[in-house]
Each structure stands twice: as C-alpha cells, then as structure tokens.
Amino acid sequence: EGTDVAIGQLEVDAEFSHSVLTPCEWTPVEKEMVCHWGCDLTEISVLEEDGDVYQIKSDCKVRGVNGHFIETQSRWPPFTQAECHVTSATTPHSASGGPVTLSTGQVFGISTSSSDLGGYSIASMVKHAFECPVPPHFRLNGETKGRKQTWGELLAEFGVEVLKGT
C-alpha cells in the first residue's frame, strides 16, 4: 500500500517465447552489484479500440542500470511503508515497476523510486508481495472477476518457483 509499483505483462503473440525471471526472498550482501531494469523511451500507440479491448503497437527499449546494494531501510516514505533496499543505481523514472536483479540474476526487488540523478534508487522487496491478495478485478486469459488468491499462489499456479531463504 502506498508503493509506486506496477507489475504486468502485455498479451503477446503465442509464437513469442521468453524466460520468466526467477523471484526470490533474498537480500543482497553489502556492496553486491544489482541491476534495475526498465523500459526507457518506450513508445506505445493505440491502433484500434473496441470497448475495453485495445490493439496496441509498442516499441520497447529495455535498459539495465547497474548499482550496488547500500542498505536495507524499514521504510522509505512516501514510496514504501514496508522494508525496502537502497542501491547506488541512478535510474530513470521509466524504471518504476521494473525488476531489480541480484548479481546472480534472480529478482529480489521492484524499482520504486529514484533520486532523479542523485546517485541512489529504492527497490521494494518482492517478498512482501507474495502474501498480498490479488485484486478482485485482476483477470487472466478472459476469466471473470473474483480471483481469490495471493500473488504467491498465482505464481505457483503458473509454475513459477520463488526461491526462499536469505
């Protein structure tokens, strides 16, 4: 609640294949290299609109910004009210909602805020999202409203393993 985080995936052509990043509950070690990923200068245009259905065209430019883990904070108002990480990455605002990976490639956080070229960024920890309920309006593959499960249960349903431990 109160965290600047957006997670989602646009529906893609069935022939498109990509790996799903592995989420984890780990905390980086001091000075570990981390990477904030975000879509920089993405252009999206609506080709066709029919009620709630949109045909869109996008030109995504994904970029990673490296930094080092500095410290864990109990919260970072107004962006997070839960534990978060401070990194030395200088991320653009377009990185908000993107994954933050450890040096070994697992996702431990979500880019939440940056210092606007001031030399640090904030990563909300994904482990806090796993027990949160999926909003009732969230729908997949044309299902109706009313999904009643946590994000962790939803990930498990789709075969995504969350790495536990520290």
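Nothing here was measured: the structure is a model prediction, and the numbers come from that model.

Caption draft 1: Up close: the overall build of the protein chain. Looking only at helices and strands, the protein chain features one helix and eight strands. Reading the helices (α) and strands (β) of the protein chain from amino to carboxyl end gives β-β-β-β-β-β-β-β-α. Buried positions account for 30% of the 166 residues belonging to the protein chain. Here the contacts in the protein chain between residues at least 6 apart in sequence split such that 55% fall between residues at least 24 apart.

Caption draft 2: Looking closely at the pairing of strand β2 (residues 43-50). With zero of eight residues buried, β2 is to be regarded as a mostly surface element. Direction of pairing for β2 relative to strand β3 (residues 53-59): antiparallel, over a ladder of seven bridges. Note that in β3 the partner of Asp 50 across the bridge is Val 53. If you look at the hairpin formed by β2 and β3, you'll find two residues sitting between the two strands, and Gly 51 has a positive phi there, around 65°.

Caption draft 3: Summary view of the pattern of salt bridges. For the structure on display, the rule yields two salt bridges. Among the salt bridges present, the one from Glu 25 reaches Lys 164, with a minimum N-O distance of 3.4 Å. Placement of Glu 25 in the segment before β1 (33-39) and of Lys 164 in the segment after α1 (151-157) is noted, with a sequence separation of 139 residues between them. Linking Lys 127 and Glu 83 is a salt bridge whose minimum nitrogen-to-oxygen distance equals 3.8 Å. Taken together, the residues span a long stretch of sequence, with Lys 127 in the loop between β8 (121-125) and α1 and Glu 83 in the loop between β4 (62-73) and β5 (84-87) at a distance of 44 residues. Exposure remark for Lys 127: the relative accessible area of 28% places this residue in the partly exposed category.

Cut-offs and rules
Residues numbered from 1 in each chain as written. Predicted model: local features only at pLDDT ≥ 70, side-chain atom pairs only at ≥ 80, totals over all residues. Heavy atoms only, no water. Helix = DSSP H or I, 4+ residues; strand = E, 2+ residues; numbered from the N terminus. Buried < 20%, exposed > 50% of the residue type's maximum accessible area, 1.4 Å probe, protein only. Contact = heavy atoms within 4.5 Å. Pairing = 2+ DSSP bridges. Salt bridge = Lys/Arg side-chain N within 4 Å of Asp/Glu carboxyl O.

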